Amino acid sequence: MDSVAPSASLRTNAVRKTELAIEGMTCASCVGRVERALRAVPGVMAARVNLATERAVVEGGADSPLLIQAIDDAGYAARPIDRAALREADDAARKEAEQAALKRAVVVSIALTLPVVALEMGSHLVPGLHHLIVRTIGMQWNWIIQFALTTLVILGPGRRFYQQGFPALLRLAPDMNSLVAVGTLAAYAYSLVATFTPALLPAQAVNVYYEAAAVIVTLILIGRSLEARAGGRASQAIQRLVGLQARTARVRRDGQTAEIALGEVAPGDTVEVRPGERVPVDGEVIEGDSYVDESMITGEPVPVAKTAGSAVVGGTVNQNGALAFRATAVGESTVLSRIIRMVEEAQGSKLPIQALVDQVTSWFVPAVIGVALLTFLLWLAFGPSPALTFALVNAVAVLIIACPCAMGLATPTSIMVGTGRGAEMGVLFRKGEALQLLKDAKVVALDKTGTLTEGRPVLTDLELAEGFDRAQVLARIAAVEAMSEHPVGRAIVEAAQAEGLVLPEVAGFRSETGYGVEAKVDGLGVQIGADRYMHRLGLDVTAFAGNAQRVGDEGKSPLYAAIGGKLAAVIAVADPIKDTTPDAIAALHVLGLKVAMITGDNRRTAEAIARHLGIDEVVAEVLPEGKVESVRRLRALHGHLVFVGDGINDAPALAEAEVGIAIGTGTDIAIEAADVVLMSGSLKGVPNAIALSKRTIRNIRQNLFWAFAYNAALIPVAAGVLYPAYGVLLSPVFAAGAMALSSVFVLGNALRLRRFQPPTTAASAGQLPASRGAAASASFGAAGLGPKGE
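Residues numbered from 1 in each chain as written. Predicted model: local features only at pLDDT ≥ 70, side-chain atom pairs only at ≥ 80, totals over all residues. Heavy atoms only, no water.

Student: I keep staring at the packing of aromatic side chains and nothing clicks. Help me out?
Tutor: Aromatic rings in a pair are described by how distant their centres are and how their planes are angled relative to each other. All told, the structure shown has seven aromatic pairs when counted by the stated rule. The interplanar angle of 20 degrees and the centroid separation of 6.0 Å between the aromatic rings of Y162 and F166 together place this pair among those described as stacked. Highlighted residues: Y162 and F166, both in helix α6 (residues 159-170), separated by four residues, approximately one helical turn. Taking the centre distance of 5.3 Å and the plane angle of 65 degrees together, the rings of W379 and Y723 count as edge-to-face. Taken together, the residues span a long stretch of sequence, with W379 in helix α12 (residues 356-382) and Y723 in helix α26 (residues 723-726) at a distance of 344 residues. W379 sits in the buried class, given a relative accessible area of 9%. Here the aromatic residues F147, Y188, F196 and Y210 are joined through ring pairs into a cluster of three or more. When the ring centre of Y515 is taken as reference, the NZ or CZ atom of R532 above it lies at 5.9 Å. When the ring centre of Y515 is taken as origin, the NZ or CZ atom of R536, which lies over that ring, is 4.5 Å away. (Phe/Tyr/Trp six-rings, centres within 6.5 Å; stacked < 30°, edge-to-face > 60°. Helix = DSSP H or I, 4+ residues; strand = E, 2+ residues; numbered from the N terminus. Buried < 20%, exposed > 50% of the residue type's maximum accessible area, 1.4 Å probe, protein only. Lys NZ or Arg CZ within 6 Å of the ring centre and 35° of its normal.)

Student: Mind showing me how you'd approach the UniProt feature "transmembrane region" (unreviewed entry) in the protein here?
Tutor: Per the UniProt record, "transmembrane region" (unreviewed entry) is annotated on residues 101-119, 139-158, 179-201, 207-226, 360-382, 388-411, 704-723 and 729-751. In residues 101-119, helix accounts for 100% and strand for 0%; the two terminal C-alpha atoms are 28 Å from one another. A distance of 26 Å separates the end C-alpha atoms of residues 139-158, which is 85% helix and 0% strand. (UniProt positions renumbered as here; feature names shortened; annotations may be inferred.)

Student: What's the story with the environment of F325 in this structure? I'm lost.
Tutor: Residue position: F325 is located in strand β13 (residues 323-329). Separated by 41 residues in the primary sequence, F325 and E284 place their C-alpha atoms 5.1 Å from one another.

Student: Sorry, what's going on with unusual backbone geometry here?
Tutor: Negative phi is the rule for most residues except glycine; trans is the rule for most peptide bonds. Located in the positive-phi region is D254, a residue other than glycine, with phi close to 55 degrees. Note on placement: D254 falls in the loop between β5 (248-253) and β6 (256-261). With a phi close to 55 degrees, D522 is a non-glycine residue in the positive phi region. The topology assignment puts D522 in the loop between β18 (516-521) and β19 (524-529).

Student: It is not clear to me how the pairing of strand β25 (residues 659-663) should be interpreted in this structure. Could you clarify?
Tutor: Successive residues of a regular strand alternate their side chains across the two faces of the sheet. Among the five residues of β25, five are classified as buried, and the element is accordingly described as predominantly covered. The side-chain alternation of β25 yields two buried faces, one formed by V659, I661 and I663 and the other by G660 and A662. Strand direction decides the pairing type here: strand β24 (residues 641-645) and β25, joined by four bridges, are parallel. When the bridges of β25 are listed, F643 appears paired with G660. The sheet contact formed by β25 and strand β26 (residues 676-678) spans three bridges and is parallel. When the sheet's bridge partners are listed, I661 is paired in β26 with V676. (Pairing = 2+ DSSP bridges.)

What follows is the structure, given as structure tokens:
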């Protein structure tokens, strides 16, 4: 691929789009509420809200003030996003301030809650401590101290739950905040009565539950803090992409060359780029020769030659020659800007994960509140004397038994343990949603360069003609190639240096475009180039026909070397496959997954790799937008798709896929755009991550079932259904104990994930088919590594 030109396929959609930043969303139900509010605004055609990025994309003719008012009426805050200042510093500062505030709230809440737990639970569990408290401060002062500390927790760090939870209740749309608010306030209010007006309660029911209220607030705050830390990194991929853009450009105007701000460059301007500088905008070269590193666009490691007429792309890096080019696309029209926009749109188009806990609480919360109210009324109307006391005790017992402690722990504890186990295996989950989505994977799409391969060109073949010495031939070839700027030459020189060879002196170096290079070494003429160059020199290459055929079958392009007028060697430079790749592909097949390869490389190379590795489908010669379209097509054909890549050009596809997996040895931008990162760079992490996802989600479902079913089964008992027949009531003390027991079970079940064993041993090298096992040591050509001039 000689160059990358702006594509006409990325035209701006004619439908008006409005982007809004939203504050205050905490769960998937919040996303649904905001979307419903936006869709109700006249003129809105569609609305997509993303919890991770805290943004909404609205299609239609509605004005921003109306949209912001609708979001405000739904209980959240919103502000418009200026495209020109999309990644402004104050937005990042706001997220950092939010994380810092949550961290402070957690610290304060823990500091206030620990004494409450020690005073209450300690006195129950340790008889000596109970007697000590009675002899010193007394139980009444013990409760007053707990009251003071818990009040500080509720009015301080926990205030946010009540500020958001109760308005949601008033709007008849309770969420997780509502559950936390109702549960903790019920325990707190009951404890207040027991502390200051115990006569209102039966003697056997005079107990306090301050520790329940304080512990719930603290645990939920810890979870929110962890979520904020992960969410704060969501915008880093965009920020780093923006960092690739040059800040200024050197432009010729009116016979003068001046350095101007990037935003002032206009189409048609003549722009100059010096060696080592970033190309500021897209354009067409009109002067100079150089090589440009386009790996951020093509994903290929080999710099591309640029001469008059070649296209250059803003954000790529000029290497060793000066260029002048005519600007063809500036601002939002450049390839890099469109890549940034594609990442944003792909992230925004993802439907928010409807976490199981939110699905349950969507009807569980109002149901519990209704049962508690019904319990109170029934006991008040039909209960024995004192009816009000029995009604209050049983209603509170219902609310406490349904307290969200275990439900709040069910998902985060499994995620924490599961992701921790993944980290031990070299699999880093950047987003918890990936754990839920990976289990549904049907097809895994892989980038080639840097993912399946090492990502760097190396000398792979050097076959000698009879009578020639390898060291001598390699040294002479490398000496000539050291004078060349071609990337093939660099790989040959590095190979000679790796073997400790001393390069001889070179004289009369000359490059012939379309053929190759030649020079004098040790008094002998050395020519290196394509077969047509050898034919022009009158040399017969049929002696190497078998080698050339093999090299071609592997997707490489052979070069020939002549020394002293005789054909000396056939050479191939390529990008070697990683040792772990064949086992990883086999393991994915064992899991029943389809494997596809999407690459910007040439089709012959891509198909050669696919044949050797047993890859099911190949999509070759595609640009970043083409990768996104390929992801969508494969998803439509096979189902849920996982994309694995390592380059900047993979960022849009990583964001578009249900789960994006980045190679940890790849670019920071790909890593930041991905949901999962393979820290070791080994593809074996992909099947490991998918298997871990299946195990973790099963664990979460077990936790949620226990947290819900266990408590729900005891709600009728707490309401008093056993009292008429057996005279049994569930005291709030036992309700709190049942709640604690369900939490202990959830934690213990989650900890079982620490024993998870990765499945890659099922695809050991010994079990691979011969054709795949042989590919472990094979290597394949990269785009741009063909004979010079081709």
